[in-house]
Amino acid sequence: MPLMLDDVRRVAALARLELTDDEAAAQLRRINELMERFESLRELDVEGIEPTAHSAPIHNVLREDAARPSLARDEVLAGAPDAREGCFAVPLILEAS
Amino acid sequence: MEPLTYRSLRALRDAVCSGEVSAREITRAHLDRIAEVEPAISALLAVTTDGALAQADAVDAARSRGEELGPLAGVPIALKDVISTRGVATTCGSRILAGWKPPYDATVTARLREAGAVMLGKANCDEFAMGSSTENSAYGPTRNPWNLDRVPGGSSGGSAAAVAAGEVAGSLGSDTGGSIRQPAALCGIVGLKPTYGRVSRFGLVAYASSLDQIGPMARSVEDAALLLEAICGVDLLDATSVDAPPFSAEAVKRGDIRGLRVGVPREFMGDGIDGAVAAAVRAAVEALCSMGATAEECSLPTARHSLATYYILAPAEASSNLARYDGVRFGLRSEGGSGHAGMTEASREAGFGAETKQRILVGTYALSAGYYDAYYLRAQKVRTLIRRDFDAAFERFDVLVTPTSPTVAFGIGEKSDDPLAMKLADVCTLPANMAGIPGVSIPCGMDQGLPIGLQIMGRSFDEENVLRAAYAYEQATRWHTHRPEVAR
């Protein structure tokens, strides 16, 4: 079933993407075009098949719980759009109602 | 004296070690070449002149002190701009990371430096490695050195074009669905996607973490093998890197391919594959047989579902990985919007391009409540079926051979309004990422003055046989010696 514009708006909100009306319409068309391709997967019988999350022959990787130097704080903060007093600075998260 | 550009990696290193030329002279020669051709091809987002000369001087100083030099001493390289370089801008071809300088090096960056390589610049790519033409870069497209009206492929198009045009001797790209092999094919060079876990991903800006793998791009199989040897190996900073038996570049050149069993999956030789490409691949299979390999047609029945599987799994992982671009810790912050959430939405709106947004939307949808089982989980199960197809094929064959790309390089702008047609450029390369196996593209012909790529895939961690077959083919043919006449 093709997506509707409301679906794109809902998903964009989940992904914290603000789309213009033109963008939303263009994305809707392209996404539906791509998702038509996904229908072929329904032909396959996947009953009882284990999912593959990644292909490496690895399950758990353990290491010594040893301390090592972390990155220098000022170097990390240097890349931030706004940093003050050794912290990342952000706009208000909770606004007064 | 033979010009320094277009010399092989090994020849350059040997020239430095013997004292025939200094690392500084090699660096200067390649910087001159960059100045000459870069206006035409735009392969590099940054040229790191000062850093390169300093690295070269360090190599020359080490030699004058009589120290043993690294295996890549003085070799000029470029890194795809999704690979972190401490203090050097790493943009991923995206506006959202414009000017961002990582506070650390990727493991591959550090390993290349330790080996003595000299980094000349950062290579253009599709935004966050999402694309097949390098047209999705926020900084403009790269042009194919063979024909400036054509794309170089992607997403590692800058890495491929820089090597093909003689700007550097080798480069690194990253491959999530074909992004090393397809541009290598379209630019007429060698590009290897190693086995998943062979090379550390620490410091590779994540796109789809279960598929991403860094690999070498160079003008010969031996050069690609030398680069792989320098960057591979387990790394405590990447828990998915594997402690596999070491890879030896020397072993690739040893032995012949007599008795090598070559499978030719019929799914990649029919519909959608350009006639000239299929003919070149058939001729390459015959060439391998004339050297003692045996070839037989085979089938990977589930492989045709790789495109659908990829475009569910990769966007799903991307939607999670790209959540970090929130205008807080790095990159662009847009002042529009109200409060923290509004700032995040405005920053992402301003910072991401259309293709990146599409993949975030598709991935978020595929993972959202009510759709997870139908899309994401089903795709993961199909991925298992694709792997089983390969497992079965590798019981009968040592390597599998296909075209790398269904066509030669297409025109700039030709597919940019048709994202689905663009995605079909990767049909031959996607299955190897699904299965995690190694694959290399090597030049195997020319059509319309543009290179054709041959893909050779092998068992997990069997890069040796993959590259041995590639090396044998290369030694018996002259395709890898063709050079583009880059317009001046």
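Residues numbered from 1 in each chain as written. Chains lettered and ligands numbered in written order. Predicted model: local features only at pLDDT ≥ 70, side-chain atom pairs only at ≥ 80, totals over all residues.

Draft legend 1. Up close: the overall build of chain B. For chain B, the count of helices and strands is 16 helices and 11 strands. Computed over the C-alpha atoms, the radius of gyration of chain B is 21 Å, within 12% of the 23 Å expected from 2.2 N^0.38 for a compact globule of 488 residues. Along the first, second and third principal axes, the C-alpha atoms of chain B reach 65 × 55 × 45 Å. Of the contacts made within chain B by residues no fewer than 6 positions apart, 76% connect residues no fewer than 24 positions apart. (Helix = DSSP H or I, 4+ residues; strand = E, 2+ residues; numbered from the N terminus. Rg over C-alpha atoms; globule rule 2.2 N^0.38 Å. Contact = placed C-beta atoms within 7 Å.)

Draft legend 2. Structural context of the interface of chain B and chain A. In this complex, chain B contributes 54 residues to the contact, which on the side of chain A involves 44 residues. Breaking the side of chain B that touches chain A down by element, the ones donating at least two residues are helix H10 (306-321), helix H11 (339-351), helix H12 (354-367), helix H13 (373-396) and helix H14 (419-423) of chain B. The residue inventory of the side of chain B that touches chain A, partitioned by class, reads 27 nonpolar, 16 polar and 11 charged. (Nonpolar A, V, L, I, M, F, W, Y, C, P; charged D, E, K, R; others polar.)

Draft legend 3. Spatial organisation of H11 of chain B. With 13 residues, H11 of chain B should cover 18 Å at 1.5 Å per step; its first-to-last C-alpha distance of 18 Å lies within 8% of that length. Within H11 of chain B, burial applies to Met-343, Thr-344, Glu-345, Ala-346, Ser-347, Arg-348 and Gly-351 of chain B. (Expected span 1.5 Å × (residues − 1). Buried ≥ 20, exposed ≤ 12 C-beta atoms within 10 Å, placed from the backbone.)

Draft legend 4. Region of interest: the pairing of strand E6 (residues 213-218) of chain B. Residues and elements named next belong to chain B. Counted residue by residue, E6 has 6 buried out of 6 residues, so it is predominantly covered. Two elements, strand E4 (residues 170-175) and E6, share 6 bridges in a ladder whose sense is antiparallel. Each residue of the ladder has a partner; that of Leu-172, found in E6, is Pro-216. The pairing of strand E5 (residues 190-193) with E6 spans 2 bridges and is classified as antiparallel. Bridge pairing in E6 links Gly-191 to Met-217. (Pairing = 2+ DSSP bridges.)

Draft legend 5. Inspection of unusual backbone geometry at higher detail. Residue and element names in this part refer to chain B. Omega for the peptide link from Gly-154 to Ser-155 comes to 10 degrees, which places this bond in the cis form. By the secondary structure assignment, Ser-155 is in the loop between strand E3 (118-123) and helix H5 (157-164). Even without a glycine there, the phi angle at Thr-134 is positive, about 65 degrees. With respect to the element layout, Thr-134 can be found in the loop between E3 and H5. Of the residues examined, Thr-134 has 35 C-beta atoms within 10 Å and is grouped as buried.

Draft legend 6. Structural view of the nonpolar core. Among the nonpolar cores identified, the biggest contains 164 residues, and Ile-77, Val-190, Ile-312, Leu-361, Val-399, Ala-469 and Ala-470 of chain B are the most heavily contacted of them. Here the element with the most residues in this core is H10 of chain B; it accounts for 9 residues. The contacts of Leu-361 of chain B, once residues within four sequence positions are left out, are Val-8, Val-11, Ala-12, Ala-15, Leu-17, Gln-27 and Ile-31 of chain A. (Core = buried A, V, L, I, M, F, W, Y, C linked by C-beta atoms within 7 Å.)

Draft legend 7. Main features of the sheet that holds strand E8 (residues 294-298) of chain B. All names here are of chain B. Taken together, the 11 strands give an open sheet; going across it, the order is E1-E3-E2-E4-E6-E5-E10-E11-E9-E7-E8, and neighbouring strands pair in mixed fashion. Of all strands in the sheet, those bounded by a partner on one side alone are strand E1 (44-47) and E8. Neighbour-to-neighbour, the strand axes of the sheet open up by a mean angle of 30 degrees, direction not taken into account. (Axes fitted to C-alpha atoms, helices over the stretch in contact; angles between N-to-C directions.)

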